[in-house]
Amino acid sequence: MGNLKERQSGANLRWLIRRDMDRVMEIERRSFFPDQWDEAEFITALRNRNCIGNVLDPCNIDDDLYGFMIYELHKDRLKILRMAVHPELRRTGCGAQMIQRLKDKLDQQRRYAIDIEVDERNLACQLFLRAMGFKATGMSRYGIDFMYSV
C-alpha cells in the first residue's frame with residue numbers, strides 16, 4: 001500500500017461486485033472493530049432490492065480498494081448503511097468523493113436528503129460529516145443520526 005495518498009486522485013467509483021468482497025471485508029475489519037459486519041450481513045443487505053454497493057477502486061489493478069459504501073434508495077432520501085475508507089487513505093478526499101456521488105444523486109432522482117447513523121464514539125466520522133454539510137438531527141440507541149438535505 002505504499003504511496004497510496006499520492007495515487008488516490010485516479011480512483012473510480014463503481015458497483016461493488018462479488019470478487020471485491022475480500023477487500024471490502026479487510027477495510028471493514030480495519031475500520032469498525034469490534035462492531036464490524038460479517039460477510040453474511042453485507043450479502044443480506046445487498047440482496048435487498050433498494051440497496052446499492054459501491055467501491056472506490058484505484059486505476060492501478062495491483063492496489064487494494066480505497067473504500068466502499070452501502071446505501072439504500074428510499075422514495076425521498078438515501079440512507080447510508082455502511083461507509084469506510086482504507087485507514088491509510090483517510091483525509092485524502094476518498095470519503096468526500098463518495099459523499100459527493102450521493103449528493104449528485106439527490107437532484108437527479110428527486111430525493112432531498114442523505115441519512116446516516118454514526119456511533120457516538122466515532123468523533124472523526126462526525127467531524128467529517130459536519131465538514132461535508134451534514135447536520136446532527138438526533139440520537140438513537142445505536143448512535144447519532146446525521147442528515148444532509150438540499
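What counts, and where the lines are drawn
Residues numbered from 1 in each chain as written. Predicted model: local features only at pLDDT ≥ 70, side-chain atom pairs only at ≥ 80, totals over all residues. Heavy atoms only, no water. Phe/Tyr/Trp six-rings, centres within 6.5 Å; stacked < 30°, edge-to-face > 60°. Helix = DSSP H or I, 4+ residues; strand = E, 2+ residues; numbered from the N terminus. Buried < 20%, exposed > 50% of the residue type's maximum accessible area, 1.4 Å probe, protein only. Lys, Arg positive; Asp, Glu negative; His and termini not counted. Salt bridge = Lys/Arg side-chain N within 4 Å of Asp/Glu carboxyl O. Pairing = 2+ DSSP bridges. Expected span 1.5 Å × (residues − 1). Axes fitted to C-alpha atoms, helices over the stretch in contact; angles between N-to-C directions. Contact = heavy atoms within 4.5 Å. Core = buried A, V, L, I, M, F, W, Y, C linked by side-chain atoms within 4.5 Å.

## Looking at the packing of aromatic side chains
What characterises a pair of aromatic rings is the spacing of the ring centres plus the angle enclosed by the ring planes. Evaluation of the coordinates by the stated rule reveals three aromatic pairs. Ring geometry for Phe-134 and Tyr-148: centres 5.7 Å apart, planes at 45 degrees, overall tilted. Within this pair, whereas Phe-134 is found in the loop between helix H5 (123–131) and strand S6 (135–139), its partner Tyr-148 is found in strand S7 (residues 144–149), the two being separated by 14 residues in sequence. This pair shows no difference in class: Phe-134 is buried, exactly as Tyr-148 is.

## Section: the side chain of Lys-103
Tracing the backbone shows Lys-103 in helix H4 (residues 94–108). Lacking a salt bridge, the buried Lys-103 has Asp-104 as its closest oppositely charged neighbour, with an N-O distance of 8.4 Å.

## Regarding the pairing of S6
Counting buried positions over the five residues of S6 gives zero, only a small fraction of the element. Bridge count for S6 against S7 is four bridges, and the pairing is antiparallel. Residue pairing for S7: Gly-138 is matched across the bridge by Asp-145. Here S6 hands over to S7 after four residues, with Gly-143 in that stretch at a positive phi of 155 degrees.

## Thoughts on H4
The end-to-end C-alpha separation of H4 is 22 Å, in line with the 21 Å expected for 15 residues at 1.5 Å each. Those residues of H4 that fall on the buried side of the exposure criterion are Cys-94, Gly-95, Met-98, Ile-99, Leu-102, Lys-103, Lys-105 and Leu-106. One or two positions beyond H4, positive phi appears at Arg-110, with a value near 60 degrees.

## What to know about the sheet that holds S7
The strands that make up a sheet are held in pairs by hydrogen bonds between backbone atoms, and each pair lies either parallel or antiparallel. Judged by pairing direction, the sheet is mixed, and its seven strands sit side by side in the order S1-S2-S3-S4-S5-S7-S6 without closing on themselves. Whereas interior strands pair on both sides, the edge strands pair on one side only; in this sheet they are strand S1 (12–15) and S6. For this sheet the average axis-to-axis angle between neighbouring strands, irrespective of direction, equals 30 degrees. Pairing analysis gives four bridges linking S1 to strand S2 (residues 51–57), with the strands arranged antiparallel. Note that in S2 the partner of Leu-13 across the bridge is Leu-56. Contacts from helix H2 (residues 21–32) reach S1, S2, strand S3 (67–73) and strand S4 (77–85) within the one sheet, and its direction differs from that of S4 by about 85 degrees.

## Some details on the nonpolar core
Within the largest apolar cluster, 26 residues are counted, with the highest numbers of intra-cluster contacts made by Ile-80, Ile-114 and Phe-134. Listing elements by their share of this core, those giving two or more residues are S2, S3, S4, H4, strand S5 (113–118) and S7. For this core, the element with the highest residue contribution is H4, accounting for five residues. With sequence-adjacent residues up to four places away left out, Phe-134 is seen in contact with Ile-99, Ile-114, Ile-116, Leu-129, Phe-146, Met-147 and Tyr-148.

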